[in-house]
Amino acid sequence: MSSVTKSRRPRGLFTGGLLAAGLGAIIVSWASPWPAVLIMRRLFERQADETAREMAPYVPKGGVAARLNVQYGDRGNETTLDVFAPLVSRDTLPAVVWIHGGGWISGTRKHVGPYARIIAWHGYVAVALNYTTAPEATYPTALRQLNSALAFLVRRASEYGIDPDRIILAGDSAGAQLASQLANLVTNEKFAKRMSITPALTPAQLRGVVLNCGIYDVSGIPKIVGVNGWGFRIALWAYLDKKDWSHTSGGVQMCSINYATAAFPPTWISGGNGDALTAVQSKPLAARLTSLGVPVTSVFYRDRHVPRMPHEYQFHLRFKEARAALASTLDFLGHVTG
């Protein structure tokens, strides 16, 4: 039994209330992903709100300036960002651009705002991004929006105190998948041409990526059994706009592991031992990047580690493991930005 009480233990993906609430949506989901997606979104955002509140005691009370609800695109709140920076800085600073998770169907920049404030307090400009989630917009809309957000930040770098030659992409869960795709856009010219997207950054500007609990190879998701597999398949149906999404071009392009090259930026990557994604997503990507000669800092846990670290464990700062992961992330940021 861990030291974390049962009532405060973070939930995993597609568990608990989702299974009970989603049973009625399964039948109608044969025709459309919308009913199930709306149920999942409500539950995901409720959990994300709780996690953001849980981080509050660990956020510095001062020393960070915030510029909120900055418009970078033309879709209202969906294309906005928040910028956090140290109150006192005479120089431009590296930027850590964080992409929120939520299964491509939920979440907002506010859910990662507390973590971004912590990073900013340590001497970085931290940016939390919104993007349009599915089913309201389908792939690759979010990827294009995020690329345009990077272009916006480069154009406005002097205004926000950003050094445009020291940018780090970061993300959690689906946000980590998006960050990994953006990294491939920047460092793999063939992939960028295949996507018909002109990268907003050059490889020299992208100093590193921080990937928490992400999805980097969706090809195996159709084989996942149980409620986890069902939830992922519904989310990807909504995101890729096809029920048989695994055979679409988007389903292929989302497999970041297949497009990574030796030019992929230095990477910090982690996943919990209680997260079903770690063994089949994070660890294989870490191994792939290492085989390519990419510098990789990985934080993983033995299967028998107690307490078991859940999906998105890094935000649950009451865990000493989460605090250690944050310290490791900050060490990585300092190393790759000089």
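Remember, predicted model here, so these are calculated numbers, not experimental data.

A. Region of the structure containing the packing of aromatic side chains. This structure, assessed with the given rule, holds eight aromatic pairs. Each ring, one from Trp-98 and one from Tyr-115, has its centre 5.2 Å from the other, and the planes form 70°; the classification is edge-to-face. With Trp-98 in strand 3 (residues 93-99) and Tyr-115 in helix 3 (residues 113-121), the pair connects residues that are 17 residues apart, well separated along the chain. Here Trp-98 matches Tyr-115 in class, with each residue buried. Between Trp-98 and Phe-315 the ring centres are 6.1 Å apart and the planes differ by 45°, which places this aromatic pair in the tilted class. Placement of Trp-98 in strand 3 and of Phe-315 in the loop between strand 8 (296-299) and helix 12 (320-337) is noted, with a sequence separation of 217 residues between them. Among the residues examined, Phe-315 registers a relative accessible area of 4% and is labelled buried. Sitting above the plane of the Phe-319 ring, Arg-318 keeps its charged end 5.1 Å from the centroid.

B. View of the environment of Leu-129. Structurally, the position occupied by Leu-129 is in strand 4 (residues 125-129). Given the relative accessible area of 1%, Leu-129 is considered buried. Between the C-alpha atom of Leu-129 and that of Glu-78, which follows or precedes it by 51 residues, the distance is 8.9 Å. Among residues more than four places away in sequence, those in contact with Leu-129 are Tyr-72, Thr-80, Leu-81, Val-97, Trp-98, Ile-99, His-100, Arg-109, Leu-146 and Ala-149.

C. Structural detail: the confidence of the model for the protein. Averaged over all residues, the pLDDT of the protein is 92; the fraction at 70 or higher stands at 91%. Considering only residues more than four positions removed or in separate chains, one finds that residues 1-11, a stretch of pLDDT under 50, has 14 contacts. Overall, residues 16-24 carries pLDDT values under 50, and its contacts beyond four positions in sequence, including any with other chains, amount to 11 contacts.

D. A look at the sheet that holds strand 8. If you trace the eight strands from one edge of the open sheet to the other, you get 1-2-4-3-5-6-7-8, paired in mixed fashion. For this open sheet the edge positions go to strand 1 (64-71) and strand 8, each flanked by a neighbour on one side alone. Pairwise comparison of adjacent strand axes, ignoring direction, gives a mean angle of 15° for this sheet. Sheet analysis places strand 2 (residues 80-86) next to strand 4, joined by four bridges and oriented antiparallel. The residue bridging Phe-84 from the neighbouring strand is Ala-126, located in strand 4. Each of strand 1, strand 2, strand 3 and strand 4 is contacted by helix 3, which is oriented at about 30° to strand 2, the strand it contacts most. Against the sheet, helix 6 (residues 174-187) makes contact with strand 3, strand 5 (162-172) and strand 6 (206-212), and its axis sits at roughly 140° relative to strand 5, the strand it touches most.

E. Region of interest: the packing of helix 2 (residues 34-55) against helix 8 (residues 226-240). Running from N to C, helix 2 and helix 8 cross one another at 110°; their axes reach a closest spacing of 10 Å. Viewed along their axes, helix 2 and helix 8 adopt a mutual orientation that is roughly perpendicular. Note that helix 2 runs across helix 8; the crossing there is left-handed. Residues Ala-36, Val-37 and Met-40 of helix 2 form the contact with helix 8, whose participating residues are Trp-230, Gly-231, Ile-234, Ala-235 and Ala-238. Residues that form the contact of helix 2 with helix 8 fall into these classes: seven nonpolar, one polar and no charged.

F. How the structure looks around the packing of helix 4 (residues 141-155) against helix 6. Axis separation between helix 4 and helix 6 bottoms out at 10 Å; the angle between their running directions is 65°. Of the possible angle classes, the one that applies to helix 4 and helix 6 is roughly perpendicular. Our pair here, helix 4 against helix 6, has a crossing hand that is right-handed. Of the residues in helix 6, those in contact with Ala-142, Leu-143, Leu-146, Asn-147 and Leu-150 of helix 4 are Leu-178, Gln-181, Leu-182 and Leu-185. Considered class by class, the residues forming the contact of helix 4 with helix 6 number seven nonpolar, two polar and no charged.

Rules and cut-offs
- Within every chain, residues take consecutive numbers counted from 1 along the sequence as written.
- In keeping with the model being predicted, local features are shown solely for residues with a pLDDT of at least 70 and side-chain atom pairs are shown and tallied solely at 80 or more, while totals for entire chains, interfaces and linings include all residues.
- Hydrogens are left out, water is left out, and the side-chain values use all remaining heavy atoms of the structure.
- Aromatic rings from Phe, Tyr and Trp, taking only the six-membered ring of Trp, are treated as a pair when their centres fall within 6.5 Å; an angle between ring planes under 30 degrees marks them as stacked, one over 60 as edge-to-face, and anything in between as tilted.
- Secondary structure elements follow DSSP: runs of H or I no shorter than four residues count as helices, runs of E no shorter than two count as strands, and numbering proceeds from the N terminus.
- Burial classification: accessible surface area is computed with a 1.4 Å probe over protein chains only, and a residue below 20% of its type maximum counts as buried, one above 50% as exposed, and the rest as partly exposed.
- Criterion for a charge above a ring: Arg CZ or Lys NZ at most 6 Å from the ring centre, at most 35 degrees from the ring normal.
- Contact between two residues is taken to exist if any of their heavy atoms lie within 4.5 Å; hydrogens are not considered.
- pLDDT measures the predictor's confidence residue by residue and takes values from 0 up to 100.
- One bridge is not enough; two strands pair if DSSP finds at least two bridges between them.
- Every axis corresponds to a line fitted to the C-alpha atoms, with the helix fit spanning only the stretch in contact, and the corresponding angles, defined between N-to-C directions, vary from 0 to 180 degrees.
- By the definition adopted for this analysis, an angle is roughly parallel if under 35 degrees, roughly antiparallel if over 145, roughly perpendicular if from 65 to 115, and oblique otherwise.
- Crossings are sorted by hand: turned counterclockwise from the far helix by less than a right angle, the near helix makes the crossing left-handed, and turned clockwise it makes it right-handed.
- Gly counts as polar in this scheme, as do all residues outside two lists: the nonpolar Ala, Val, Leu, Ile, Met, Phe, Trp, Tyr, Cys and Pro, and the charged Asp, Glu, Lys and Arg.

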